[in-house]
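Here's the letter readout for the chains.
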Amino acid sequence: MNGHGIAAIYRFEMARWKRTLWQSLITPVITTALYFVVFGSALGSRMSTMDGVSFAAFIVPGLTLLSVFMQSIFNASFGIYFPKFTGTIYELLSAPISSFEAVLAYVGAAVTKSVILALVTIATATIFVPVHINHPIAMILFLVGISAGFCLFGFAIGVWAQNFEQLQIIPMLIITPLTFLGGAFYSVKALHDPFRTITLFNPIVHVISGFRWSFYSVADVPVWSSVLVTLAIIAGCMAVIAWMFRTGYRLKQ
Amino acid sequence: MSDPILSIRGLRKTYGTGVDALKSVDLDIRRGEIFALLGPNGAGKTTLINIVCGIVTPSSGEVLVDGRNWQSNYRYARERIGLVPQELTTEAFESVWNTVSFSRGLFGRPRNNAYIEDILKRLSLFDKCNSEMRFLSGGMKRRAMIAKALSHEPAILFLDEPTAGVDVELRRDMWDLVRKLRADGTTIILTTHYIEEAEEMADRVGVISKGELIAVDEKHDLMAKMGKKTLDIVLAEPLASVPPELSEWNVELGDNGHQLTYQFDSHAERTGIASLMRRLSDLGITYKDLSTHQSSLEEIFVELVHGGSK
Ligand SMILES: Nc1ncnc2c1ncn2[C@@H]1O[C@H](COP(=O)(O)OP(=O)(O)OP(=O)(O)O)[C@@H](O)[C@H]1O
Ligand SMILES: [Mg+2]
């Protein structure tokens, strides 16, 4: 076990984050806070409640997760893509560190950033919206699990991407629509079939539902299903990354 | 001779593009030597180094570090190897100090500020330790990369063209540093296009061309073995042409008929010099001066590479 190596990568990644705090923390928090202002203060009073929760409060978990998805994918993919792009990856490839340790360090740092981002976003939301968290421990566990899943996903994208466009395309083209259609702004229960059934194939529905349940005890799908989908995302991405490292896919010639 | 610190066995590499970069290379590196790998652009030097360092996967073959396979014992092997790559690739926004400390940690070593301070001082970089990498000049960056490679106290150091783009003075400093490292027991493998660099520093020289190691020898042996000596005879009176009586020596006339040049193999049993001199005096050709000179590594290198391609 190369503990010093893991710590070195982790510290390096956190230092990079601190250097770009505006871009990686403050900007996404402000963007999300704007939704809270608009829906919470301006429009919220005119909207009906969702599952007995005020609309403004209802959208907090989903919007927080949207931001977590984007930043998780962005941070983790950039962390591994950039050394590939500049060539500094030679050092990682020639270091006495296992691929598991490297992933642990890169993804661990990205998860830390995402969890901080989510907590700051939720804290900001409380200024504008009445947020309450019924199951704080479950909330933290969901948050860490979901961040881990999407950071692993981002890491795999970073290994796969061969230019900056490919790095952006998946979060923009796949994750954002799936999140908007995944119940960030509404309860899936409100949909009619067949859309409701179709929607349940969107894993993000399960993820948001579980996270929102930890706030308000209301859920679109059973909590166990949210837990399973989160674990499946983690396991699936880990399998892909393990395969990438074993074959040297786009990392080694 | 003790066991080699590094053994390369039947290493082949065909890149995805179909280029055969290495064609079955065998090479042993001795503990504590400076080994220079010479070869023209595209010969496969970087490929060879990158395979040993774990950056490129070989198509076949094996590398042993201290007798252990470098893939199944990758931690053991890599802790012992430091690499300064050919390309200057560094994190632009990190300070020199942080970049070097990062490398030490990455290679599994606990923090040791005194050691890092020492290498930065030895590389005349200590006054720059708080500068960001992007504010360094090319030569400084190169030295920072060397500091990174040395940060985990490796036993084997690869320098892939360490003096490319480095000014003359700095090159001398670099050579001194390499010698000091060798004196401390580090084994050094360097590639270079500068023959004088190999000639100046290396204990042994390997010549690689088109993916094949075409010669490996002690620098002095290589020069002696391959070395042709030339005898220059400065004539008292110019000659219009080479007299037919001298045809068996294959001498050439130069300098407007003022000089005869005779090439011979210094290791042959008969160099032919004595008989040539006798024949000259029989012919009444008088001379003012005689000198011999031995071919440099550069001349040998050119001959090897071009000889190999014929
Ligand atoms: N990543 C790669 N993909 C495909 N071919 C490559 C790659 N890297 C090197 N090659 C090819 O392999 C051959 C050997 O290249 P290599 O970089 O090992 O040469 P070199 O001896 O280091 O040359 P130089 O003195 O220019 O640094 C060349 O023909 C090169 O084009
Ligand atoms: Mg090269």
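Residues numbered from 1 in each chain as written. Chains lettered and ligands numbered in written order. Predicted model: local features only at pLDDT ≥ 70, side-chain atom pairs only at ≥ 80, totals over all residues. Heavy atoms only, no water.

1. Quick word on the confidence of the model for chain B
Scored by pLDDT, chain B comes out at a mean of 88, with 96% of its residues at no less than 70. Per the prediction output, this complex has pTM 0.86; the corresponding ipTM is 0.89. (pLDDT = per-residue confidence, 0-100.)

2. Examining the packing of aromatic side chains
All names here are of chain A. Following the criterion strictly, the structure yields 17 aromatic pairs over all chains and no others. Ring geometry for F74 against F78: centres 5.6 Å apart, planes inclined by 20°, an arrangement best described as stacked. Here F78 and F74 lie together in helix α3 (residues 55-86), a separation of four residues that amounts to about one turn. An aromatic cluster of three or more residues is present, and its members are F74, F78, Y81, F82, F85 and F164. The aromatic ring of F58 is capped on one face by R212, whose charged end is 3.8 Å from the ring centroid. (Phe/Tyr/Trp six-rings, centres within 6.5 Å; stacked < 30°, edge-to-face > 60°. Helix = DSSP H or I, 4+ residues; strand = E, 2+ residues; numbered from the N terminus. Lys NZ or Arg CZ within 6 Å of the ring centre and 35° of its normal.)

3. Remarks on the interface of chain B and chain A
Contact residues are listed per partner, giving 28 residues for chain B and 24 residues for chain A. Contact between chain B and chain A buries roughly 2,500 Å² in total, counting both sides, with carbon and sulfur atoms accounting for 58%. Where chain B touches chain A, the interface holds three salt bridges. The salt bridge partner of A:E101 is B:R75, with a shortest N-O separation of 2.9 Å. Between chain B and chain A we count 11 residue pairs in polar contact (both at pLDDT 80 or more) in total. Every element with two or more residues in the side of chain B that touches chain A is listed here: α2 (74-79), α3 (96-106) and α5 (138-150) of chain B. Broken down by class, the residue content of the side of chain B that touches chain A amounts to 13 nonpolar, seven polar and eight charged. (Contact = heavy atoms within 4.5 Å. Buried area = accessible area lost by both parts, 1.4 Å probe. Salt bridge = Lys/Arg side-chain N within 4 Å of Asp/Glu carboxyl O. Polar contact = N/O pair within 3.5 Å; in protein donor to acceptor, adjacent residues only side chain to side chain. Nonpolar A, V, L, I, M, F, W, Y, C, P; charged D, E, K, R; others polar.)

4. Some thoughts on the domain arrangement of chain B
Interfaces are often described in size by the accessible area the parts lose on coming together. The domain boundaries assigned to chain B delineate domain 1 (6-96 + 153-224) and domain 2 (228-294). Here domain 1 of chain B and domain 2 of chain B have C-alpha centroids that lie 42 Å from each other. (Domains from an automatic or database assignment.)

5. Quick notes on the packing of helix α6 (residues 136-160) of chain A against helix α10 (residues 223-247) of chain A
Residues and elements named next belong to chain A. Two elements in contact, α6 and α10, have axes whose closest approach is 9 Å; the angle formed by their N-to-C orientations is 30°. Overall, the two elements α6 and α10 adopt an arrangement that is roughly parallel. In this structure, the crossing between α6 and α10 has a hand that is left-handed. Within the contact between the two elements, α6 uses F142, G145, I146, A148, G149, F150, L152, F153, F155, A156, V159 and W160 and α10 uses V223, S226, V227, T230, I233, I234, C237, M238, V240, I241, M244 and F245. Taken together, the residues that form the contact of α6 with α10 break down as 20 nonpolar, four polar and no charged. (Axes fitted to C-alpha atoms, helices over the stretch in contact; angles between N-to-C directions. Parallel < 35°, antiparallel > 145°, perpendicular 65-115°, else oblique. Left-handed = near helix turned anticlockwise from the far one by under 90°.)

6. Comments concerning the site of ligand 1
In the vicinity of ligand 1 lie 16 residues, with B:N41, B:K45, B:T46, B:T47 and B:Q86 positioned nearest. Ligand 1 sits at a junction of chains, with neighbouring residues supplied by chains A and B. At 2.7 Å from an oxygen atom of ligand 1 is found a side-chain nitrogen or oxygen belonging to B:N41. Contact distances for ligand 1 include 3.3 Å between an oxygen atom and a side-chain N or O atom of B:E161. Here ligand 1, which alone exposes 630 Å², has 70% of that area covered by the protein. Per-element tally for the shell around ligand 1: the top contributor is helix α1 (residues 45-53) of chain B, with three residues. (Near = heavy atom within 4 Å. Areas by Shrake-Rupley, 256 points an atom, 1.4 Å probe, with all protein chains shown as cover.)

7. So, the pattern of salt bridges
In the structure shown here, the tally under the stated rule is 23 salt bridges over all chains. We note a salt bridge from A:R19 to B:E94, for which the minimum N-O separation is 3.2 Å. A residue pair is termed interchain when its members come from two chains, as with A:R19 in helix α1 (residues 3-19) and B:E94 in the loop between β6 (81-84) and α3. Salt-bridge contacts for B:E218 lead to B:R30; the nearest nitrogen and oxygen are separated by 2.6 Å. Of this pair, B:E218 sits in strand β10 (residues 212-218) while B:R30 sits in the loop between β2 (20-29) and β3 (34-38), placing them 188 residues apart in sequence. Owing to a relative accessible area of 26%, B:E218 belongs among the partly exposed residues under this scheme. In this structure B:R30 comes out as partly exposed when scored by relative accessible area, which is 27%. Salt bridges here are not isolated pairs; linked through shared partners, they connect B:R31, B:D66, B:E79 and B:R80. (Buried < 20%, exposed > 50% of the residue type's maximum accessible area, 1.4 Å probe, protein only.)

8. What to know about α1(B)
Residue and element names in this part refer to chain B. Counted residue by residue, α1 has eight buried out of nine residues, so it is predominantly covered. Those residues of α1 that sit buried are K45, T47, L48, I49, N50, I51, V52 and C53. G54, located one to two residues past α1, shows a positive phi value of around 90°.

9. So, the sheet that holds strand β7 (residues 156-160) of chain B
Residues and elements named next belong to chain B. In spatial order, the strands read β6-β7-β8-β3-β9-β10; together these six strands make up an open sheet with mixed pairing. Where the open sheet ends on each side, the last strands, each with one partner, are β6 and β10. Here the average twist between neighbouring strands, direction ignored, is 15°. As judged from the five bridges shared by β3 and strand β8 (residues 187-192), these two strands associate in the parallel manner. Its bridge partner lying in β8, L37 is registered against T191. Contacts from α5 reach β6 and β7, with the element oriented near 170° to β6. (Pairing = 2+ DSSP bridges.)

10. Thoughts on the side chain of A:S147
You can see A:S147 is positioned in helix α6. Once you skip the residues sitting within four places of it in the chain, A:S147 turns out to touch A:V68, A:S72, A:V111, A:S114 and A:V115.

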